[in-house]
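Examination of the molecular architecture
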Amino acid sequence: MYRYDEFDHDFVKARVADFSDQVERRLAGEITEDQFRPLRLMNGVYLQLHAYMLRIAVPYGTLSSKQMRMLGHIARKYDKGYGHFTTRQNIQFNWPALSDIPAILADLASVEMHAIQTSGNCIRNVTADHFAGAAADEVADPRPYAEILRQWSSVHPEFSYLPRKFKIAVTGAERDRAAIQTHDIGLHLKKNDKGELGFAVYIGGGQGRTPMVAKKIRDFLPEQHLLSYTTAILRVYNLHGRRDNKYKARIKILVHETGVDEIIRQVEHEWQALKDGELKLPEADVAAIQSYFAPPALTARPEGDEAVKLARLDSKSFGDWIDQNVFTHRNPDYAAVTISLKGIGEVPGDATDSQMDAVADIAETYGFDEIRVSHEQNLILPHVARADLKAVYDALVAIDLATANSNLISDIIACPGLDYCALANARSIPVAQEISKRFASLERQRDIGELKLKISGCINACGHHHVGHIGILGVEKKGAELYQVTLGGSADEHTSVGEIIGRGFGPDEITDAIETIVDTYLGIRLDRTEKFLDAYRRVGPAPFKEALYASEAKAA
Amino acid sequence: MKILTANRLTDGEAVWFAADGTWAETIDAAETVGDKADEARLEAIGKAAYDNNEVVDVNLIDVSLVDGAIQPLRLREVIRAAGPSNRHDLGKQARPAAGAA
Ligand code: HEM
Ligand code: SF4
């Protein structure tokens, strides 16, 4: 795993000292809120409904046990005993006092963590496939490139005041688990026919009030050009991105208004001047970073198959969990495990301090000290010997984190919504909880099959509703909550934006509406192998509209 | 009918301006006003408290009286006054009722 070098250490320490001083001066009344607000945002401190909120960066979603324990410690000591893992692979604490934040940041720095660039119009935390370095279907681990981007973009003087925030995601597999086409830049690490590494480059994806699927602007960019090409894109954006209107300031709007061909021309033009300069990555530097991400020494554990077979016979619930939450590892003796933070009726993405501690222990004992945060708001143990799966399962059962629902309808993404967020129009969490309870039966969920349900409490779309197979958007209508449903969205390699199905539903109707949609799907699918999304793409919205609204149409 | 609300600078706690001139931690203590002149007075108090670095995010919000209790019109403000609707063990709603009585 990547370790801070001297520069990182000194930089983070200096930043903690700066910000501590700024907080002190703010509390003493020496600087005003207008002066302080941009400073606190640069350090991940927001103000929500009930308190401040601290957003901590988890670069490419990778955590060590020690870091996870520190998050547990912060939850316990400074917050209210829990934290919220987000779709940006970060963690948010909902209750810190401003006066405690310097101490929290100092604690974080002691385990090489911080909250820098988790807000503001800069290049944000680079996200990655949560199975990076473990997945059987991956060409190479994309995280070294995410790390190169992190180092390059940290307090980058030219790109610290962009027209708007800028989000980059990377994947190293054909199967996109990092939603790269919904990002400002999406990078797909792949090999060309000579076996060399490079990237397919996508730009201009995004969610928010104007959802757009990214456009591919290059099919193969040799890896040594990662930074020169990214710089070229950012220069074009920095120069031409709209600063006159916050809602039109993301690169997606620039790409849309300028046209892809013209954007490609401009980027290539910039790039010609940069590509052979100092931004060209020396092979030795890439190799040095790669060595930080060298996979753990996975010793042969061939007894795994037999162990899993026996344990299955013994426990049906273990078998269900294996089928749903265990992912194929590139080493056949190993597996990647999804720890569901979506227990039935629980808050998506929340974990308590003691759960964090326990997950850290499990990762230390069975998982080479590695934990990932997924953009789907779950935790991942990327490397577990199949022979240890039963022990891991038992340990997860003990802390109520063994729900076998990965990729099923109760594996819901939900933003904090109106229960916490100052920008929200409606609540998200209670909607997620009620839907989860309605579909509590795992047997029923498995019969329904893969179904990604995503909920946002306002059009900012932090809960990815646009790209949910079923998306739910909370709006405010005449002072009351109303939920708009979209169908057919997807965030994988065939990304699509969902379509609004019709009039919205009140808080008391939304769960019934979701059930109607699911039942309609069950009625029209060709057989059990046709997933919800495939069925929707085959038949379109008509049968769903009919089921949801036909009785009204007749009554009218 | 309106009341004045904000978040306390030091810890972000939601607070309401009370008739006794303090910033109270519960909405029940808020001073309600019914005409433009009083609204302007509260606004001026809010601005002064902001300038004086006591509070941030100052707003006048709409409320009504329900059985004598102050009830915000927007759900957002109801949740601010109580705490997260999914976690009754958190926020003001979790505190002993003593302060409210
Ligand atoms: C204080 C809480 C938050 C605030 C103020 C906030 C603000 C925003 C805003 C204004 C946007 C729209 C950006 C645009 O359209 O240009 C946005 C988008 C987004 N936020 Fe948040 N957010 C918050 C919490 C979260 C949380 C908890 C998550 C993760 C669960 C998150 C993840 C995202 C994502 C994934 C997007 C959409 C991607 C995009 O940028 O287009 N945010 N957020
Ligand atoms: S989608 Fe809206 S309500 Fe949800 S966290 Fe983002 S800004 Fe808040």
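The sections below set out a description of the structure shown in this document. (Residues numbered from 1 in each chain as written. Chains lettered and ligands numbered in written order. Predicted model: local features only at pLDDT ≥ 70, side-chain atom pairs only at ≥ 80, totals over all residues. Heavy atoms only, no water.)

1. Quick notes on the overall build of chain B
For chain B, the count of helices and strands is two helices and five strands. Mapped in sequence order, the helices and strands of chain B form the string β-β-β-α-β-β-α. By the compact-globule yardstick of 13 Å for 101 residues, chain B fits well, its C-alpha radius of gyration being 13 Å. Seen through its principal axes, chain B has C-alpha atoms that stretch 35 × 35 × 25 Å. Here chain B holds 101 residues, and 42% of them are scored as buried. Considering only residue pairs separated by 6 or more positions, chain B has 49% of its internal contacts joining residues 24 or more positions apart. A total of about 4900 Å² of accessible surface is found on chain B, and carbon and sulfur atoms cover 53% of it. Distance between charge centroids for chain B: 5 Å, based on 11 positive and 17 negative side chains. (Helix = DSSP H or I, 4+ residues; strand = E, 2+ residues; numbered from the N terminus. Rg over C-alpha atoms; globule rule 2.2 N^0.38 Å. Buried < 20%, exposed > 50% of the residue type's maximum accessible area, 1.4 Å probe, protein only. Contact = heavy atoms within 4.5 Å. Areas by Shrake-Rupley, 256 points an atom, 1.4 Å probe, with all protein chains shown as cover. Lys, Arg positive; Asp, Glu negative; His and termini not counted. Charge placed at Lys NZ, Arg CZ, Asp CG, Glu CD.)

2. Overview of the nonpolar core
Residues and elements named next belong to chain A. Of all hydrophobic cores here, the largest spans 63 residues; its most connected members are Met 68, Leu 71, Trp 321 and Leu 389. When residues in this core are grouped by element, the largest group, six residues, is from helix 12 (residues 353-366). Each of domain 1 (6-109) and domain 3 (304-398) gives at least three residues to this core. (Core = buried A, V, L, I, M, F, W, Y, C linked by side-chain atoms within 4.5 Å. Domains from an automatic or database assignment.)

3. Description of the packing of aromatic side chains
All names here are of chain A. Evaluated as defined, the whole model comprises 17 aromatic pairs over all chains. Ring centres 5.6 Å apart and planes at 65° place the aromatic pair Tyr 60 and Phe 293 in the edge-to-face group. Taken together, the residues span a long stretch of sequence, with Tyr 60 in the loop between strand 2 (52-56) and strand 3 (62-64) and Phe 293 in the loop between helix 9 (283-292) and helix 10 (304-314) at a distance of 233 residues. The class for Tyr 60 is buried, based on a relative accessible area of 6%. Owing to a relative accessible area of 5%, Phe 293 belongs among the buried residues under this scheme. A ring pair is formed by Trp 95 and Tyr 420, whose centres lie 6.4 Å apart and whose planes are at 75°; its orientation type is edge-to-face. With a gap of 325 residues between them, Trp 95 in the loop between strand 5 (91-93) and helix 4 (101-109) and Tyr 420 in the loop between strand 16 (413-414) and helix 14 (429-438) connect regions that are remote in the sequence. One exposure class covers both Trp 95 and Tyr 420, and it is buried. An aromatic cluster is built from Tyr 521, Phe 532, Tyr 536 and Phe 544, whose rings are joined through pairwise contacts. Positioned above the aromatic ring of Trp 271, the side-chain terminus of Lys 275 is 5.3 Å from the ring centre. For Lys 390, the ring lying beneath its charged end belongs to Phe 318, and the centroid distance is 5.9 Å. (Phe/Tyr/Trp six-rings, centres within 6.5 Å; stacked < 30°, edge-to-face > 60°. Lys NZ or Arg CZ within 6 Å of the ring centre and 35° of its normal.)

4. Side note on the interface of chain A and chain B
Reports of interface size often rely on the accessible area that becomes lost once the parts have come together. Contacts between chain A and chain B engage 31 residues on the former and 24 residues on the latter. When the two sides are added together, the surface that chain A and chain B hide from each other amounts to roughly 2200 Å², 55% of it contributed by carbon and sulfur. Taking the shortest distance from any N to any O, the salt bridge between B:Arg74 and A:Glu476 comes out at 3.0 Å. Remark: the boundary between chain A and chain B carries 11 residue pairs in polar contact (both at pLDDT 80 or more). Per-element tally for the side of chain A that touches chain B: the top contributor is helix 14 of chain A, with three residues. Tallied by class, the residues present in the side of chain A that touches chain B amount to 17 nonpolar, six polar and eight charged. (Buried area = accessible area lost by both parts, 1.4 Å probe. Salt bridge = Lys/Arg side-chain N within 4 Å of Asp/Glu carboxyl O. Polar contact = N/O pair within 3.5 Å; in protein donor to acceptor, adjacent residues only side chain to side chain. Nonpolar A, V, L, I, M, F, W, Y, C, P; charged D, E, K, R; others polar.)

5. A closer look at the coordination of the iron atom of ligand 1
Counting protein donors around the iron atom of ligand 1 gives one, A:Cys462 (SG), at 2.2 Å. Relative to the helices and strands, A:Cys462 resides in the loop between strand 17 (453-456) and strand 18 (470-477). (Donors = N, O, S within 2.8 Å, 3.2 Å for Na, K, Ca; no water.)

Function-wise, these values are silent; they only describe arrangement.
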